[in-house]
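Spelled out, the chains give:
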Amino acid sequence: MSFLRESNPVAEGEDLAAHLLVVYNTNDGESKGLAEYYAERRKIPAERVFGIAAPLTEEITRAQYDETIRSPIVSYLTRNDWMVREPERAQIGARALDLLVATRNDIWAIVLMRGVPLKIAPDPSDEDGMEDAPELQTNAAAVDSELALLPVFGLPKGGYVPNIFFDDRIAGIKRLGPALARSMVLVTRLDGPKASDVRRMIDECLDAEKNRLAGLAVIDSRGITDAKNNYLIGDAWLRSARDLLVKEGWEVKFDDKPEVLPATDPCNRVALYLGWYNEGATGPWVTAPKRFVPGAIAYHLHSFSATTVRSATAGWVGPLIAHGADATMGMVYEPYLGLTPHLDIFTRRLLNGDYFAEAAYASMPGLSWMETVVGDPLYRPFRAPLDPAPAAAGVPHTEHDDWLFLQEARREIATGRMEATTDNLERALNVPGAGPVAEEGLGDLLEKLNEAAAGSCAEEAYKKALAGERVGVDRIRVGLKLAQCYSNRGEEARARAELESLREADPEEAQRFGVSPALDLTPVAPVNSAGGDKPSALPRPPSPPKPTPVSQ
């Protein structure tokens, strides 16, 4: 399409906040207050906080979208001389279209505050752009994804528009800038079950990005390996995301069972969750205690994960936010698998230090489609470099310092800059002031070594971690690892005694997480590497010729 211009890099020192518009709904009693709070925290000037009078329902018609959202925003940008558009004739397939295309647009991103409608309902009576009527020619869309094409007027309503910001790596890494803004803007929303959720999201993202987001990464795949299975691509994304994280030194919990991770799994302090596939939110993410660290990013792939974002129980987006996640994405209607966010790209762009909005849109092949992006567009969880030197010098460490310290050690091993030996690991991690996070991580790394001294050293590390933990889920998790450590050494009596100790010390938590006398502790053979899960050599299959619905 001739009107779609390739993006160019952001100028040195350019700040996305200088090109952001905040939009709220004047018909919603809390929307304006949230917009003003966000603008204050992010230092957005008052003239770039704009109110529209939109319906209060999450689902609206195409006419309502045009009249109450798109047109008022375009008028406001034009009045302020922030956007200039001129006519342009474009050839799209067999059709010649007369469009209005921006020649200049100073607004590169828009954040919609809670209260602005979520999705545009399908209208079978409007056949514009749907003469061929394949699966992809619906005229439904997420408001965010439709509004992303704000600089261009006159496109067909049916189907999706290829996203020129999609980071396929063919033309190099694409960046936000003036050229891109003439064709599209990055649109996210700050939304959730309650207004208090939105305020928390704003505050926690600001705090998290100051010192770099850190914690556990959980990748929940489905274990699909059949190259003829059209759903293999979803697992390929997740495996690639895992490999990227392992290379960067993250502690990654990787699950490849067909079922989603059960609620009995004692994972905690989760900074990043990526998974699929369950119709409604389930597992650790919606059961006590809350598992996410402040600033956590969590996404579960499902066709209808965002049919609403204002319920704490329906779908995935609302429940994840209600239980502590601060940024997520979701689908308002059936998206088809190939047009959902490519999670390997999303992960790579986040780790590169991109804004959350950049990472999300770089992962999407199409616009005017079904994705809603929920979170602060200016959130940069990895803007601060991974530098554990302050953690090494600070006594005692904070929990956050320990995570960074542990990540640095894992990265040194993953990149071959440090050999994984008992002596090296203890020098790197068993330092004065180290807390239970570092001790548990040390135990995990030692347990993977094929060295005579490693087992007893891992035992001591787990014991120190267990002594320092105060939260039930963390004590259960470390205690289970200690019992497994004994079992790996053939000391079954000590393993059973540790399980009994966990049940006696906290019977309620032990029951919650399935600690029982019959718990299976299968001996695990040591390996010669202290890295994370083995990187996958699974090739990425080509997209299937026919769209694959996410629903089965």
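Residues numbered from 1 in each chain as written. Predicted model: local features only at pLDDT ≥ 70, side-chain atom pairs only at ≥ 80, totals over all residues. Heavy atoms only, no water.

A. Up close: the pattern of salt bridges. Summed over all chains, the structure comprises 44 salt bridges. When the shortest N-O distance is used, the salt bridge between R417 and E412 registers 2.9 Å. A relative accessible area of 19% means that E412 is categorised as buried. For the salt bridge of R489 with E491, the shortest nitrogen-to-oxygen distance reads 3.2 Å. On the basis of relative accessibility, which here comes to 31%, the residue R489 falls in the partly exposed class. Here the salt bridges share partners, and the residues they tie into one network are R269, E399, E440, D444, E469, D474, R477 and K481. (Salt bridge = Lys/Arg side-chain N within 4 Å of Asp/Glu carboxyl O. Buried < 20%, exposed > 50% of the residue type's maximum accessible area, 1.4 Å probe, protein only.)

B. The arrangement of helix α15 (residues 472–488) in detail. Over its 17 residues, α15 extends 24 Å from the first C-alpha to the last, a length consistent with the 24 Å expected when each residue adds 1.5 Å. The element α15 is extensively covered by neighbouring structure, given that 14 of its 17 residues are classed as buried. After α15 finishes, the residue G490 shows a positive phi value of roughly 80°. (Helix = DSSP H or I, 4+ residues; strand = E, 2+ residues; numbered from the N terminus. Expected span 1.5 Å × (residues − 1).)

C. Structural detail: the nonpolar core. Formed by 182 residues in total, the largest nonpolar core has its most connected members in I73 and I110. Broken down by element, this core gets its largest block of residues, eight residues, from α15. Ignoring any residue separated from it by four or fewer positions in sequence, one finds I73 in contact with L21, V23, F50, I52, I110, L147 and L150. (Core = buried A, V, L, I, M, F, W, Y, C linked by side-chain atoms within 4.5 Å. Contact = heavy atoms within 4.5 Å.)

D. Spotlight on the packing of aromatic side chains. Applying the stated criterion across every chain, the model contains eight aromatic pairs. Aromatic pair W250 and F382: ring centres 5.7 Å apart, planes at 85°, arrangement edge-to-face. With W250 in the loop between α6 (232–247) and β13 (252–255) and F382 in the loop between β18 (371–374) and α10 (389–393), the pair connects residues that are 132 residues apart, well separated along the chain. In terms of burial, W250 and F382 fall into one category: buried. Residues Y273 and W285 carry aromatic rings whose centres are separated by 4.3 Å and whose planes lie at 35° to one another, so their mutual orientation is tilted. Residue Y273 is located in strand β14 (residues 270–275), and its partner W285 is located in the loop between β14 and β15 (292–300); the two are separated by 12 residues in the primary sequence. By the burial criterion, Y273 is buried, and W285 matches it. Put simply, the rings of F50, Y76 and W82 pair up and form one aromatic cluster. (Phe/Tyr/Trp six-rings, centres within 6.5 Å; stacked < 30°, edge-to-face > 60°.)

E. Region of interest: the confidence of the model for the protein. Mean pLDDT over the protein stands at 88; residues scoring 70 or higher make up 87%. For the stretch residues 1–13, pLDDT sits under 50, and the model shows 44 contacts to residues farther than four places along the chain or on other chains. Across residues 525–545, confidence stays below pLDDT 50; counting only partners more than four residues off in sequence or on other chains, it has 43 contacts. (pLDDT = per-residue confidence, 0-100.)

F. Main features of unusual backbone geometry. Note the cis peptide between W276 and Y277, where omega equals 20°. Here Y277 shows up in the loop between β14 and β15. A cis amide bond, omega -5°, links A288 with the succeeding residue P289. When you line up the elements, P289 lands in the loop between β14 and β15. The residue R212 is not glycine, and still its phi comes out positive at about 85°. Within the secondary structure, R212 sits in the loop between α5 (195–211) and β12 (216–220). At S368, a position not held by glycine, the phi torsion is positive, near 55°.

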